[in-house]
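Results of the structural survey
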Amino acid sequence: MTRGEGLRQAHLAIYFILVTFKYRPANGMRRGRMKPVINPKLCKACNICVYICPKKCYTKGTDISEMGYFDAVVSFPEKCYNHNREGKLICELCVLSCPDQAISWHPETEEEKRK
Amino acid sequence: MRIPPGEYFLQGNDACVEGALASGVRFFAGYPITPSTEIAEGLAQRLKGKDGVFLQMEDEIACISAVIGASWGGAKAMTATSGPGFSLMQEAIGYAAMSETPVVIVNVMRGGPSTGQPTKASQGDVMQTKWGSHGDYQVIAFAPASVQEMFDLTVECFNYSEKYRVPAFLLSDAEIGHMRGLLRIPEKLKIIDRKEMGIRRTDEAYDVPDDLVKPFPVFGKGHKAIITGMTHTENGRIEPEDSKVHSDLVTRLNEKVLRNRKDINQWEMIGEGSKTMIISYGSSALGPKEVATTDPNVGLLRLKSIWPLPEEPIAQAAKGAQRILVCEMNLGQLYFSIKRVAHDAGCKQVELLSKLGGEPPTPSEVRHKIRSMGAI
Amino acid sequence: MDIFEFYRKDRWPHVFCPGCGNGTVMNCFFRAFNEAGLSLDNTVFVGGIGCSSRVPLYINSDALHTTHGRAIAFATGLKLAKPGLKVVVFTGDGDLGAIGGNHFINGCRRNVDMTVICINNNIYGMTGGQASITTPHDFLSTTTPYGNKEYPFDLAEIAVAAGANYVARWTTRQVHELTKSMKSALQKKGFTLVEVVSQCPTNFGRRNKMADPAQMLDWFKANTVRRDKTKNAELDHADLNLAGQITVGEFVDRNRECFEELIGVEKHG
């Protein structure tokens, strides 16, 4: 292997090590993973979130909620732009557009991250 | 700035301006209309900088709206108008009654209906003052009959509107407004301020536990008050569908004033106990006053407060009288209510001298009418 | 500030229909208010009558719910009696431009320091869907069952001509730009107007083949043109119909003296 290739491989190795360690802090919970959550007490099933999300994270619901609406469902939280961001969130079209303030951000729990 | 105590020779409208300034008015919104424009012009001169705010608004509806808004900002606020502008203000007056906002409205009455006689007097807005807006509500109204009373009753308007959180009206007319006379401004004046929420007051006026007047939440102090014209509960929650909330609220708004009628009633009695009584108010009491002072058999009950109707002094006058003459510059507005009270008190002959055309009834007209009623 | 410190938690869920644009405007407003660093204790919200004017009743602050169309007049008196207060007016298209038209243009002219958020849903929603002064030509409503024969107002242009200090129009589809505009409006001295073209799927959309809120948002997107791209265009942007367009953007940003400075009460209250 040439010196250039060796350097490149070393860079890649360091990069992968850093990435791996960055996402495995001591308490077992991964930092920075956020997902949108729909509050079933507030959602009125207008489906604006389904329409507006540029990554198509939401789908129309089929189960009736306790308030009597077919609430939208967060089907693909990992597609969301904010999934790996901590600190300043970008996009947020769903949170700002939801007329009932039913969408909020929560950190992902252990089980969801391992999916 | 208020003028110092003393004697002055002023127009009625100017005396009203002095009365407002003495009460502490800090906001005036007006629109030019004869014969009340002098009040707006006087306050435009005096309310500047730290003393307060004068606004000429785009129409009378904006005037009364701005005045109500200013009252919620904590200022004593007033507007002045005449017949056509008064008709425009009715919706907001109903709002002030429903939201319990203290405001003072001066109505310098002129010949109506519609544009009518802009420069001549009448008393044609008396019923409109009480019933002008839709729904059941109570107001407080005073009728001055001299330049001095323009000052005194303006101060009373402010005091009562603040005390009972109700719109108060000064029902002047073109005669009294433009008349010039002697004004004596006393050293000390009784000024009442609103019962503000969260502030403890030692004034005995606020010690009445069941006076039905709720504490006033001034904006900007963290009270998080909701003020609305819709049917609401105590804490501002809007409940238009609840019939009990609505009937309780409207009943309280009316009882608040009616129950305190004895405190609000003001009148002047000449020749108490006479067999012939004249009941009148405002500038139409000027002629009867001369008749009553010169003729020992004729008495005069001059009402200074006309809403809520002061039934007690009217009943008292009717008890000893054989005949009552009501003098008004309209086709009979307070006449029918006075007639009802007098009938109940025992006097069956109650007649009306109505004078249209813009001038108050003269003493000879009054004497002529009394003679035709059977008095000497 | 948490969203339910800003809004009265005991009044949620609110009475607005599913998909109503009012909720979106409230979200953007909350963001803008937070970013502008204002305090709820020093702010008063004034509303007229209508769905849009119900928004002040949901905010955890002093609220003045006034008569139809007169919100700006009430706000003028309130602001001048206590100039230290921040006054925000929530109103609708009919409340502002129809019955409140006189107060609207004179408020812009007088330039009292207040922020007006006009939620323009092109209809009188609360009373059941009657045509408004901003209902597009040929559209259906309960009082124009054969198509609206009148042409609509352009409220933002009227405000510009009347002298407001800052005027912007956005739709509920452009939530980020709307938030930024609201923040500029809140921080600007003088009469500021942010007009939000918003969806009313229940009373406007349903009668005009756009019953789904997503369809109305699509309609906005298809017809929206950024104002800086149409400055030289010959299209009459006052005409909001399917062949026309909704011009969005910041219309004017100027620094006329506000009324309190002119009469000298700025430092009081």
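So, here's what we can say about the structure. (Residues numbered from 1 in each chain as written. Chains lettered and ligands numbered in written order. Predicted model: local features only at pLDDT ≥ 70, side-chain atom pairs only at ≥ 80, totals over all residues.)

Our next topic: the overall build of chain A. Of the regular secondary structure elements, chain A holds four helices and four strands. Along its sequence from the N terminus, chain A presents helices and strands in the succession α-β-α-β-β-α-β-α. Partitioning the intrachain contacts of chain A with sequence separation of at least 6 by distance along the chain shows that 63% fall at a separation of at least 24. (Helix = DSSP H or I, 4+ residues; strand = E, 2+ residues; numbered from the N terminus. Contact = placed C-beta atoms within 7 Å.)

Counting residues in each nonpolar core, the largest one holds 203 residues, and the members touching the most others are B:F27, B:V67 and C:L78. Top contributing element to this core by residue count: helix α3 (residues 60-72) of chain B, with nine residues. Contact partners of C:L78, with chain neighbours within four places excluded, come to B:G69, B:A70, B:W72, B:G73, B:F219, C:V44, C:V46, C:L64 and C:V87. Formed by eight residues, the second largest nonpolar core is a distinct cluster that contains C:C17, C:C20, C:C51 and C:Y124. (Core = buried A, V, L, I, M, F, W, Y, C linked by C-beta atoms within 7 Å. Buried ≥ 20, exposed ≤ 12 C-beta atoms within 10 Å, placed from the backbone.)

Right, let's get into the environment of A:E5. Residues and elements named next belong to chain A. In this fold, E5 is placed in helix α1 (residues 3-22). A tally of 9 C-beta atoms within 10 Å means that E5 is categorised as exposed. Once the C-alpha coordinates of E5 and K88 are considered, the two residues, 83 residues apart in sequence, prove to be 37 Å apart.

Residues and elements named next belong to chain B. In terms of burial, helix α5 (residues 90-99) is a largely internal element, seven of the ten residues being buried. Among the residues making up α5, those that are buried are A92, I93, Y95, A96, A97, M98 and S99. In this structure, the buried residues of α5 make contact with α3, β9 (226-228) and α9 (243-258). E100 lies just past α5 and shows a positive phi near 60 degrees.

Let us look at the environment of C:M126. Residues and elements named next belong to chain C. Structurally, M126 is set in the loop between β5 (123-124) and β6 (130-131). What makes M126 partly exposed here is the crowd of 19 C-beta atoms within 10 Å. Linking M126 and D2, residues 124 residues apart in sequence, is a C-alpha distance of 29 Å. Apart from the residues lying within four places of it in its own chain, the contact partners of M126 are G50 and C51.

Right, let's get into the interface of chain C and chain A. In this assembly, 17 residues from chain C lie in contact with 15 residues from chain A. Mapped onto the side of chain C that touches chain A, the elements with two or more residues apiece are α2 (21-36) and α9 (213-223) of chain C. With six residues, the single largest contributor to the side of chain C that touches chain A is α2(C). Looking at side-chain class alone, the side of chain C that touches chain A contains eleven nonpolar, six polar and no charged residues. (Nonpolar A, V, L, I, M, F, W, Y, C, P; charged D, E, K, R; others polar.)

Accessible area lost upon the coming together of the parts is a frequently used measure of interface size. With 30 residues of chain C at the interface, the matching set in chain B holds 38 residues. At the level of secondary structure, the elements contributing two or more residues to the side of chain C that touches chain B comprise β2 (62-65), α3 (71-81) and α5 (101-110) of chain C. Tallying contributions element by element places α3(C) first for the side of chain C that touches chain B, with eight residues. Looking at the side of chain C that touches chain B residue by residue, the classes come out as 13 nonpolar, 13 polar and four charged. Judged from the three bridges that link them, β9(B) and β2(C) form a sheet pairing that is parallel. Its bridge partner lying in β2(C), B:I226 is registered against C:A63. (Pairing = 2+ DSSP bridges.)

Our next topic: the packing of α3(B) against α5(B). Residue and element names in this part refer to chain B. Close contact between α3 and α5 brings their axes to 9 Å; oriented N to C, the two are set at 15 degrees. When the axes of α3 and α5 are compared, the pair comes out roughly parallel. With respect to the hand of their crossing, α3 and α5 are arranged in left-handed fashion. When α3 is examined against α5, the residues I61, I64, S65 and I68 are found in contact with a partner set consisting of A92, I93, Y95 and A96. Classifying every residue of the contact of α3 with α5 gives seven nonpolar, one polar and no charged. (Axes fitted to C-alpha atoms, helices over the stretch in contact; angles between N-to-C directions. Parallel < 35°, antiparallel > 145°, perpendicular 65-115°, else oblique. Left-handed = near helix turned anticlockwise from the far one by under 90°.)

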